[in-house]
Amino acid sequence: MEGMKDVILEYVTKEYLEDDSEPLNYDTPLISGGIVDSFSMVSLKRFLENKYNIQIPDDKATPEAFDTVTKIASLVEEFVGKK
Amino acid sequence: MSHIGSYEDRLKGFSWSIAEQELGYKAGDVINIGWYCTDRVCQIGKAAKTALIHEGISGVERRYTYDDIRLASNTIGAFLRSIGLKNGDRVCLFMDRIAELYIGFLAVLKIGAVAQPLFSAFGDESLFVRLSNAETAAVITQKKHAFKVRKILDKLPHLKHVIIVDHDGKAPLRDREVAFSLDDSQPVDNLEVYPTKAESPSVLHYTSGTTGQPKGVQHVHSSLVSQYLTAKWVLDLRDDDIYWCTADPGWVTGTSYGIIAPFSLGITQCVLDLGFFAEAWYKFIEKHRITMWYSAPTAIRSLMKAGDDIIKKHDLSCLRHLASVGEPLNSEAVVWSERVFGRPFLDTYWQTETGCIVISNYPGMEVRPGSMGKPFPGITGTILDPIRNDPYRAPGKIGLVGLKFDWPSRMRTYWKNEEAFRKKFRNDWYITGDRARMDKDGYFWFVGRDDDVINTGGHLVSPFEVESALLEHPAVAESAVVSKPDPINLEVVKAYVTLKPGFAAGKDLELEIMNFIRKKLSPLAMPQEIEYVDSLPKTRSGKIMRRILHAKEWGEEIGDTSTLEND
């Protein structure tokens, strides 16, 4: 799980964090913190699906489930585990 | 009893002078929106009244009285003047929904400059197009967004100042940058407000069309008259209301009804600087006892999707009146809100160019779920025959929404694009670009856009802009952008692309292109799906036939293909 969290954290930092921003940690609020908006969530979901070869149903890809790296990793684990 | 009372009675002998009298304004007087939203409200005895309750991302709450925003807007205004900004200069506000955005907007207007708010999620290319077209003199922004301005600075010779409102000294200021802190500035009690008149330019909002670059919609200070009255009669804003408009001031709803209307009415309003989050939104309503809530269909559908159980955890009995804006409100959402909140969201119809609500549902008037409602008193609306360009005589026929162009907040032109402005009229009717029908009782019913503009989450995205940006990606040879249906956002952007030799179609490339557009233009413009094709449908003259792709996405009849290149 920690390895996955690092991968997700690195991706979010690279793709969504703007210059001069405070660094993220596993529990930084991403959606509620305004770092990733609802439209940008689509590309984040796509990254996770490509990276881990999974399909995340739309009803599971909620702002709540995507709000922190920890929660995202937890969601991904659920679908990786089902393969 | 609502402010509007009987809609039918209000139609008789209507005059905008109702609003002018309430504002204490006479034709020919000085009229400055910034002054009306601050100084005047203080003068009529509301200086100590809470104007703004702001809650930031970290949950930190700050309250501002009308005297606070009067002083703060004076202070910012004085600073802007001190660095050489003056009336007529375009000043862009490029910030998240922080207090400086709302107050800074009023400050720009107070010095007679033109406020140019831009959505803070715009990428550098979207920013460049709008700043260069407007020949913007200054950008007021935050350190987190300054890097986008830096990327394009060399291409903006008119841009003299980049004002950073939260500079913390950790990194040095760069070329043309200057720091300004509202909290650390000495409050300015007296600012000479520039004596703008009815036709003085006030706000410049950019809007996307099918072809060409986004156009600057030019508004004037007398827009206040219709923004004030429509807020009073449609949103039914009352003196003791706690109001929440969820729109970002980067868009016209966020300025017309998120700043100008509520402040000029002397209302208390709340701002939540947070993206969509059902639990947080309901908590916010409960905490501040919000009574009037003006939101968007995308958000409402997201709330529906989040489920009713969350609502039960909060006391939302404070909600008195609800309204919706940005795109047609589907009937399911109207019925749902009546069930869970005890009242329906009233659909309101207008656009950047109209500056205020033009067709709407009203308190006390029968709501027909799914209908846009009826024209606001004083506004003449019709459905035009698109061939004859005259109003249909019989109800029920689908045609173009047309308006007699004579209400105070109508745009005056497109910035440096009179030709595009003239094209908005047919037989002296202003064409909104939407198709609708009118029923026998005068209710309007939205059918669709008359052009290829994509309305996603209530915001217009130009396929042309996205296609142009796609062509800048090294892998893309040709592109066509259309909308595809979406249960939450109504429609989202989809791109069809052909690839250059040496590039392989695949999921990783799709994601790379999506992120490329997201960062270059905005998250709204990002295609949510990219489909690789060997070729795009074109006419024999080489024009891409988007309507064929559109029909495929929406399950519609493709129509005439006789001009198709490879038919």
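Procedures and definitions
Residues numbered from 1 in each chain as written. Chains lettered and ligands numbered in written order. Predicted model: local features only at pLDDT ≥ 70, side-chain atom pairs only at ≥ 80, totals over all residues. Helix = DSSP H or I, 4+ residues; strand = E, 2+ residues; numbered from the N terminus. Rg over C-alpha atoms; globule rule 2.2 N^0.38 Å. Domains from an automatic or database assignment. Contact = placed C-beta atoms within 7 Å. Nonpolar A, V, L, I, M, F, W, Y, C, P; charged D, E, K, R; others polar. Axes fitted to C-alpha atoms, helices over the stretch in contact; angles between N-to-C directions. Parallel < 35°, antiparallel > 145°, perpendicular 65-115°, else oblique. Left-handed = near helix turned anticlockwise from the far one by under 90°. Pairing = 2+ DSSP bridges. Expected span 1.5 Å × (residues − 1). Buried ≥ 20, exposed ≤ 12 C-beta atoms within 10 Å, placed from the backbone. Core = buried A, V, L, I, M, F, W, Y, C linked by C-beta atoms within 7 Å. pLDDT = per-residue confidence, 0-100.

1. Focus on the overall build of chain B
And step 1. In terms of regular secondary structure, chain B is built from 18 helices and 27 strands.
And step 2. In summary, chain B has a C-alpha radius of gyration of 23 Å against a globular reference of 24 Å for 567 residues, a match within 12%.
And step 3. Summarising its shape, the C-alpha atoms of chain B cover approximately 70 × 60 × 50 Å along the three principal directions.

2. Concerning the overall build of chain A
And step 1. Within chain A one finds three helices and zero strands.
And step 2. Each helix (α) and strand (β) of chain A, taken in turn from the N terminus, gives the series α-α-α.
And step 3. Taking 83 residues into account, the globule formula puts the C-alpha radius of gyration at 12 Å, and chain A, at 12 Å, falls close to it.
And step 4. For chain A, the spread of C-alpha atoms along the three principal axes comes to 40 × 25 × 20 Å.

3. Quick notes on the domain arrangement of chain B
Residue and element names in this part refer to chain B.
And step 1. The domain boundaries assigned to chain B delineate domain 1 (7-435) and domain 2 (454-554).
And step 2. A separation of 30 Å is found between the C-alpha centroids of domain 1 and domain 2.
And step 3. With 23 residues of domain 1 at the interface, the matching set in domain 2 holds 20 residues.
And step 4. Per-class residue counts for the side of domain 1 that touches domain 2 are seven nonpolar, 12 polar and four charged.

4. Observations regarding the packing of helix H4 (residues 39-46) of chain B against helix H5 (residues 66-82) of chain B
Residue and element names in this part refer to chain B.
And step 1. Interhelical geometry of H4 versus H5 gives an angle of 150 degrees and a closest axis separation of 9 Å. Judged by the angle between their axes, H4 and H5 are roughly antiparallel. Judged by the twist between their axes, the crossing of H4 over H5 is left-handed. Across the interface between the two elements, Asp39, Val41, Cys42 and Lys46 from H4 touch Tyr66, Asp67 and Arg70 from H5.
And step 2. Within the contact of H4 with H5, the residues separate by chemical class into three nonpolar, no polar and four charged.

5. Regarding the packing of helix H16 (residues 463-470) of chain B against helix H17 (residues 507-520) of chain B
Residues and elements named next belong to chain B.
And step 1. Relative orientation of the contacting elements H16 and H17 amounts to 120 degrees, with a least axis distance of 10 Å. One element, H16, and the other, H17, form an angle in the oblique class. Crossing hand, H16 versus H17: right-handed. Together, Val466, Ala469 and Leu470 of H16 and Ile513, Ile517 and Lys520 of H17 make up the contact between the two elements.
And step 2. Looking at side-chain class alone, the contact of H16 with H17 contains five nonpolar, no polar and one charged residues.

6. Considerations on the sheet that holds strand S26 (residues 490-499) of chain B
Residue and element names in this part refer to chain B.
And step 1. An order of S25-S26-S27 is seen for the three strands of this open sheet, with the pairing classed as mixed. Lying at the two open borders of the sheet, with one neighbouring strand each, are strand S25 (476-486) and strand S27 (529-532). The mean angle between the axes of side-by-side strands here comes to 25 degrees, regardless of whether they run parallel or antiparallel.
And step 2. One ladder, built from four bridges, connects S26 with S27; its direction is parallel. Within S27, the residue paired with Val497 across the bridge is Tyr532.
And step 3. Strand contacts of H16: S25 and S26, with the helix running at about 140 degrees to S25, the strand carrying the most contacts.

7. A closer look at the environment of Ser223 of chain B
All names here are of chain B.
And step 1. In this fold, Ser223 is placed in helix H9 (residues 223-233).
And step 2. In this structure, the C-alpha to C-alpha distance between Ser223 and Gly307, residues 84 residues apart in sequence, is 39 Å.
And step 3. Those residues in contact with Ser223, other than ones at most four positions away along the chain, are Ser202, Gly355, Pro408 and Ser409.

8. A few points about the interface of chain A and chain B
Buried accessible area, meaning the area lost when the parts come together, often serves as the stated size of an interface.
And step 1. At the interface, 19 residues of chain A touch 23 residues of chain B.
And step 2. When residues in the side of chain A that touches chain B are grouped by element, the largest group, six residues, is from helix H2 (residues 40-52) of chain A.
And step 3. When its residues are assigned to classes, the side of chain A that touches chain B shows five nonpolar, eight polar and six charged.

9. Brief notes about H17 of chain B
And step 1. A rise of 1.5 Å per residue sets the reference length of H17 of chain B, with its 14 residues, at 20 Å; its end C-alpha atoms lie 20 Å apart and thus fit the reference within 8%.
And step 2. Within H17 of chain B, the full set of buried residues consists of Glu510, Ile513, Met514, Ile517, Arg518 and Lys520 of chain B.

10. Thoughts on the nonpolar core
And step 1. By size, the foremost hydrophobic cluster in this structure holds 159 residues, and its most contacted members are Leu80, Val91, Phe105, Val108, Val139, Ile140 and Val358 of chain B.
And step 2. It is helix H6 (residues 99-110) of chain B that provides the largest number of residues to this core, a total of nine residues.
And step 3. Excluding its chain neighbours within four sequence positions, the residues that come into contact with Val108 of chain B are Leu80, Val91, Ala113 and Ala115 of chain B.
And step 4. Phe39 of chain A together with Val493, Ile513 and Met514 of chain B belong to the second largest nonpolar core, which has 26 residues in total.

11. As for the sheet that holds strand S10 (residues 242-245) of chain B
All names here are of chain B.
And step 1. Spatially, S2-S1-S11-S10-S12-S13-S14-S15-S16 is the arrangement adopted by the nine strands of the open sheet, whose pairing is mixed. Where the open sheet ends on each side, the last strands, each with one partner, are strand S2 (61-65) and strand S16 (374-375).
And step 2. Alignment of strand S1 (residues 50-55) against S2, held across five bridges, turns out to be antiparallel. When the bridges of S2 are listed, Glu55 appears paired with Glu61.
And step 3. Packing against the sheet, H5 makes contact with S1 and S2, and its axis sits at approximately 85 degrees to S2.

12. Topic: unusual backbone geometry
All names here are of chain B.
And step 1. Positive phi, normally seen in glycine, also occurs at Arg289, with a value near 55 degrees.
And step 2. Secondary-structure assignment places Arg289 in the loop between helix H11 (278-288) and strand S12 (292-295).
And step 3. Classification of Arg289 by C-beta neighbours within 10 Å gives partly exposed; the count is 13.

13. So, the confidence of the model for chain B
And step 1. Residues at a pLDDT of 70 or more form 99% of chain B, whose mean pLDDT is 94.
And step 2. With a pTM of 0.90, the predicted complex shows an ipTM of 0.93.

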